[in-house]
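# An overview of the molecular structure
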Amino acid sequence: MARRPELLCGAAIVLGCAFLVALKVTCRVLLPKVQVLKEDEAREEIQRNHSSCRAKDVTMPAKLPVNFFSTRSPVIDLFRGQLDYADHLRQDSEIVLYFFYAPWCGQSIAAREEVEHVAGRLSDQVLFVAVNCWWNQGKCRKQKHFFYFPVIHLYHRSFGPIEYKGPMSAVYIEKFVRRVMTPLLYISSRSKLLDFLSNYEPGVLGYFEFNASPQPPGYLTFFTSALHSLKKDYLGTVRFGVITDKRVAEEISLVRSGSVYLHRHVNTSLIYPNDIMNYTAENICKWALENREMLIRWLRPHGGKSLLLNNELKKGPALLIFIPYNPLAEIHPLLDEITKVALEYHSCNKSQPAEPDLQHFRDTGSPAFDSSVPDAHMKLAETFSITKYPCCNTVVLPQWHSISRTHNVCELCINQTLGVKPNKVHVPQCNFLEIEAALDSFYLQEHTFFQVISNTIECSNFLSFYSPFSYYTACCRTVNRHFLSFVSSEKTIFQTPKAAFSSHGKKDNMQYSVPHIEDRNCFTPDLHASGTNITGLSCRTNKTLNLYLLDSNLFWIYAERLGASRSTHLKEFVTIVDLKEEVHYVLDQNQSLVGSTLENFIKNFSILYSPLKRHLVDDPSVHFDEQRVITEVTTNTFHDTVFLSEKNVLLLYYAQWCGFCASLNHVFIQLARLLPPDNFTVARIDITQNDLPWEFMTDRLPTILFFPHQRKEQSVKFPEDFSVNLPNLLKFILHHSSLSSSEPCTKECLHKETVLQQGHISHLEGEIQKLRSEISALHQAHDQLEAQLSEARREEQRLQQQKHTLEKQHKTLQLHSEQLQATYDQKNQELLEMAEKLQELADASENLLKENTLLRILVASREGKLQSKDEVKKSLQLEQPLAEDNDVSVLTATAPLEEKKIDNIDAIETEHSSRNRTE
Amino acid sequence: MLPSLGSLLCLWALRLLAPTAGTGAASRGPDVASYRERVRAMFYHAYEHYLESAFPYDELRPLTCDGQDTWGSFSLTLIDALDTLLILGNVSEFQRVVNVLQEGVDFDIDVNASVFETNIRVVGGLLSAHLLSKKAGIEVEVGWPCSGPLLRMAEEAARKLLPAFQTPTGMPYGTVNLLHGVNPGETPVTCTAGIGTFIVEFATLSHLTGDPVFEDVARKALKALWKNRSDIGLVGNHIDVITAKWVAQDAGIGAGVDSYFEYLVKGAILLQDKELMSMFLEYNKAIKNYTKFDDWYLWVQMYKGTVSMPVFQSLEAYWPGLQSLIGDVDNAMRTFLNYYTVWKQFGGLPEFYNIPQGYTVDKREGYPLRPELIESAMYLYRATRDPMLLELGRDAVESIEKISKVDCGFATIKDLRDHRLDNRMESFFLAETVKYLYLLFDPDNFIHNDGSVFDVVITPYGECVLNAGGYVFNTEAHPIDPAALHCCRKRKEEQWEVEDLMREFYSLKKNKKFTLKRAPDHSEGESAKDPEDAPSEKGGEKRNAKKNSHSLLSCPSQSFNSKLAVLGQVFLDNT
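Residues numbered from 1 in each chain as written. Chains lettered and ligands numbered in written order. Predicted model: local features only at pLDDT ≥ 70, side-chain atom pairs only at ≥ 80, totals over all residues. Heavy atoms only, no water.

By the naming in an unreviewed UniProt entry, chain B is alpha-1,2-Mannosidase, taken from Grus japonensis. Its UniProt record, at the heading Sequence similarities (unreviewed entry), says of chain B: "Belongs to the glycosyl hydrolase 47 family." Under the UniProt heading Subcellular location (unreviewed entry), the note attached to chain B is "Endoplasmic reticulum". (UniProt positions renumbered as here; feature names shortened; annotations may be inferred.)

The name given to chain A in an unreviewed UniProt entry is Thioredoxin domain-containing protein 11, and the organism recorded there is Grus japonensis.

Another aspect to go through is the sheet that holds strand E11 (residues 299-301) of chain B. Residue and element names in this part refer to chain B. Here we have three strands laid out as an open sheet, ordered E8-E11-E12, and antiparallel in their pairing. The open sheet terminates on both sides in strands that have one partner only, identified here as strand E8 (250-251) and strand E12 (307-309). Sheet analysis places E11 next to E12, joined by two bridges and oriented antiparallel. Looking at the pairing, Trp299 lines up with Met309 of E12. (Pairing = 2+ DSSP bridges. Helix = DSSP H or I, 4+ residues; strand = E, 2+ residues; numbered from the N terminus.)

We now examine the state of the cysteines. One pass over the full model with this rule turns up five disulfides over all chains. There is a disulfide in this structure between Cys658(A) and Cys555(B), and the S-S distance comes to 2.0 Å. Measuring the twist about the S-S bond at about 85°, one finds the Cys658(A)-Cys555(B) disulfide to be right-handed. Here Cys658(A) is found in the loop between strand E24 (648-654) and helix H25 (659-662), whereas its partner Cys555(B) is found in strand E24 (residues 555-556) on a different chain. (Disulfide = S-S within 2.5 Å.)

For the rest of this paragraph, the subject is the UniProt feature "active site" (unreviewed entry) in chain B. Those places that UniProt annotates as "active site" (unreviewed entry) correspond, in this numbering, to Glu117(B), Asp258(B), Glu351(B) and Glu372(B). Classification of Glu372(B) by relative accessible area gives buried; the value is 6%. (Buried < 20%, exposed > 50% of the residue type's maximum accessible area, 1.4 Å probe, protein only.)

Take helix H8 (residues 190-198) of chain A next. Of all the positions in H8(A), only Leu193(A), Phe196(A) and Leu197(A) are classed as buried. Projected onto a plane normal to the axis of H8(A), the buried residues spread over an arc of 90° and lie on a single side. (Arc of directions from axis to C-beta.)

With that settled, consider the UniProt feature "coiled-coil region" (unreviewed entry) in chain A. In the numbering adopted here, UniProt assigns the feature "coiled-coil region" (unreviewed entry) to residues 761-851 of chain A. Here residues 761-851 of chain A runs as 100% helix and 0% strand, with 126 Å between its end C-alpha atoms.

Taken together, the contacts link 135 residues of chain A with 162 residues of chain B. When the two sides are added together, the surface that chain A and chain B hide from each other amounts to roughly 13000 Å², 60% of it contributed by carbon and sulfur. Across the chain A-chain B interface, the total number found is five salt bridges. Here chain A is connected to chain B by 38 residue pairs in polar contact (both at pLDDT 80 or more). The class makeup of the residues in the side of chain A that touches chain B is 68 nonpolar, 36 polar and 31 charged. Of the pairings in the sheet, the one linking strand E26 (residues 700-701) of chain A to E24(B) comprises two bridges and is antiparallel in character. Note that in E24(B) the partner of Arg700(A) across the bridge is Pro556(B). (Contact = heavy atoms within 4.5 Å. Buried area = accessible area lost by both parts, 1.4 Å probe. Salt bridge = Lys/Arg side-chain N within 4 Å of Asp/Glu carboxyl O. Polar contact = N/O pair within 3.5 Å; in protein donor to acceptor, adjacent residues only side chain to side chain. Nonpolar A, V, L, I, M, F, W, Y, C, P; charged D, E, K, R; others polar.)

Following this line, the structure appears as structure tokens:
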């Protein structure tokens, strides 16, 4: 019996292996393969399996499920996973929400509260059922197979399940449940229609005549398609409405009952093509989703692995607008304003409206809506025209092959503020001749711009040759090539003779090599000056923006990482992200987010020489601290610490997560403690938290840059193939700071010298201090050793004493042993003596024996003689007994000896006999 | 009238705001402080029951409330949990345990111990406790950190392991008898991790004690593995240390191999060693080429590169953390998100998870409360501050408490399908799982020090900067301070050189020209090595290394889109 489980266990292991291992492996390879776990662990595990089979295998089944929701909760908690009962409950209610959970799941626990909250608000209309779908005895676990928890399913009567995939927050869940409850909006009047159509989210409208029957043909399908759309489009962005009034339907030119209309703001609205596609719920839903207009989109990352942002941002520059959003709120004034801007931005064909019906409708139906736009235009026009140069134009410098591949672009302005120009005080339009003249003089001066190829904008003024009253301002900067391709596509209205420049440019890019003025009707100055209008901008610019909304209640972290201030309580943030160019721009958070600021932001991005500056995110948590050995630099303090400081600066680029940086901390701390603080700053910047201008960025970490004093622009990089240690760093610094003091010595220099020497003194003092403490440490170590030594000595003494006593003992023992030896010897002697005596005795007895035999022989011969002399016998009888008596007494004395050494005696006897014989 | 209107408005505003405030579950992330306290409570629940019911055995058996010896007889759980005590801030208990260990632990025992496990758990645990003992307020010897009772214990334990390294190849046996050395009939088959997981502990020992033998054997073993990699640059699972023949030829990043790769990187960081890093980067290339599919890493045949097992192993989850250390945060995050889905499916990571089937593998459904995924979450959180990583921490705390907590501790989950429990609590639960969880929820812990604070210690060898952050965790989550390695064997020449250079700083006339010489490059203890041993055996590789202009010991800086790569968003390369 006991062997059976063991056998099973072994078999199980082999089976386990067989499952894992490719088929063609022999058994010998199989065994090590079991140990795919950490080797010894596997070995141990096998042992354990065996032993646990042998010993009683102590395991414990999972705990029984308990209530997940409190009993007072409006949510019915089927914590034993009774799915059949859940299905049964569904029949009682029109709308049911199932919350499938696992009791151990953190997300389920977090969502529990939210669902409970929604249930508290909607329990009279919706049945909330929670099902434990983990317990393996429960029906739910046996029938459903979820990869994550919690899962929310909604049923509208028999339609379902509609899975909710939105954020696990009460408002969003509630909104979705409400959408499932009423998937269709009923539009009975023109004002409701207007409301419906003015919404930024795409809308689908169906027109059904309810006069004929309570359920006109196709209505049910339309209703189902609305529910169906919620399955795919879980955020519910496509709204479905139904028009019940004929006159209202005519507004959007729907006449036939049963027709379905997809409203679009910018493009032509569509009517569902009954003739091409079958009129089914799926098809309508698909059609609507495919053809809907996405002027502005909500981005709602679901938290799992997703390419959502990747895919959206790869499409091009994106305007991300973070606003706090409550889906349940009735009105969203901010959102309305943003959508208005978005609509403007996208409406390219405004001048020739694609939807005359709607246009008309809008003009009449909502005058307020329309009039607000020109108002804004007017206001903006005023503010802009004052600040801008009255007459500017753009000049593209030829591409000098000797310079670089980047182009130099200048904005040339005629400035009349200098002096008084008599005939024209106000110039509404640029005089063509003036521009030409300015251009001429500009070209004559162009050599001054050869050096200005840099990323900063540089401006210079020069006087006109033709008019003493005006001068020209030229602001030049470098722009990338793709701007130029845009430039070249514009109509050029002015070209200087090619001959003048053809020698400079290569033939193939002739077009670029010719400087030209851009058509100003369609271009920057104009747009800037009177540029009140972003209408249709998306079609006119190459830098088309995609517009996105994010709920800052859920996704504020993205805003923070793009540089939103952490301190503001108002979670509004607008940014333009250009993934390809790796830049982003930020709308000043101090400006309140209204339509006009947004418009300006978009405009400023779209124009060719965008005044927007790349936003550099910095780490606000770093505070400047004098006490620190290493100065922590941020984006904001970078310039001050590195360039404005009077010291040599060693700057370390690091990131906290990079293992190679963190393990060098101690080297830099040591360096900073060594270097004279008056002349050197050791600084570092965490470039994960702090952006820097491109020219100061680095692509590897750690990177060490040295900015020598007085030559800050000539920074040098610590060579990468040297190991970063103290001597190397010191040599590096010395090598690059050594050039500074070659000028003759003056008073100042002497002063410097003294300062330096004072520094040296303090350094040496520090060194001495260090040495002192080292000495004290050594002393301590010495003391410790001393103590150990004395202890050792004591120990030695003790040992010696022990040895001494041991020796004593040894001596006495020796004495004892000597005595013993003596007694032993004595005894031995005695024994030997005894043996000798015995030998003597033996010898004596031998002699006696001999004598005895001799006597016997004698006796025998005497007896013979006696027998012969019978007569003589009687006379001799008196003498005989006497002799015999003597003999017997000797014999009895030797008897024990004879017995003891009987062998000896035998030997002696034989010897004796042989001797006798020889004798 | 007016006040009532005001209050009404107020109410209305509240109603409007209330749901908004209550919804931020996704954006707020879990409440860090409360979870930190729950982790602390978890630790003490397990630790106190171990002391009560299991000490001095190696491990607690939580279902039967008693103890058992598993890896030797070292009171293993106590040694392993020692530095966790300090990370939790319990200084007094740390001190008490140090005393207990000094008196109670004996390595002169007739026990067959795993070389690998003894190294990572015992030697590693003692080393880190030794290096942290000053921080824990223990009165240290004058020679600290170059001497001390815990260091002597660690050295003693490590010396017991040295006989295992005496093989023709230099690769160690898997098991050694602590009293008699390698047993006569010992199997020569050792797993790859059992060969290549010594450099962190052994190099630390060598640097602290001054005896180079430890680092030398560890390096020799690493090089032997490197030499025996397949033509396509992969290593198998088990090798014969006598004949250097691969016995199990599955190549992957998980069980049997895992910490070999980990130690190449961590060794490179700890020792500033380019050679180790170049080895890792070569492996990394091969791993990406042959085993990576859709951000999963599969098992392949080491010579052919064909897929042998399409499984994900719980032990593989350390990989994202390792990637983040060398700056490959994008890939790390992508892989991490894959692994996280497995956790969400079961409430733990099964030992094996069949990726195509999306389910556990027969006989490998257990979850012994392993730390690897949490470890990666901690590293990644350091790099990205992504609240989603805290959500994993939350899930782990909830799961472990709901599923495996029993009266006497936390029990291994025997089967993730039904959450049946087993009578075991591995020592890594207290050493690693709890430690990483706590560190995930405690961003201000001293372990996360970014170098803004540090200690200065005067040793008889000179002044020493310590505890400046950058702790390198061994594979059992025992932190080693990299600065300590530069305290003891400090060469006098270097100090004198620094002195000379400093004098130069204070003289106005710079009379010398200072140029960096090539020589110092090799001064990291590798100059003595035979150049043939170097990883770039072929001329071609050498040239490649030259062409690769950036230093091997550096991370790439993060791209622009990393700003948005949080809450599950991943970005594809700019191609």
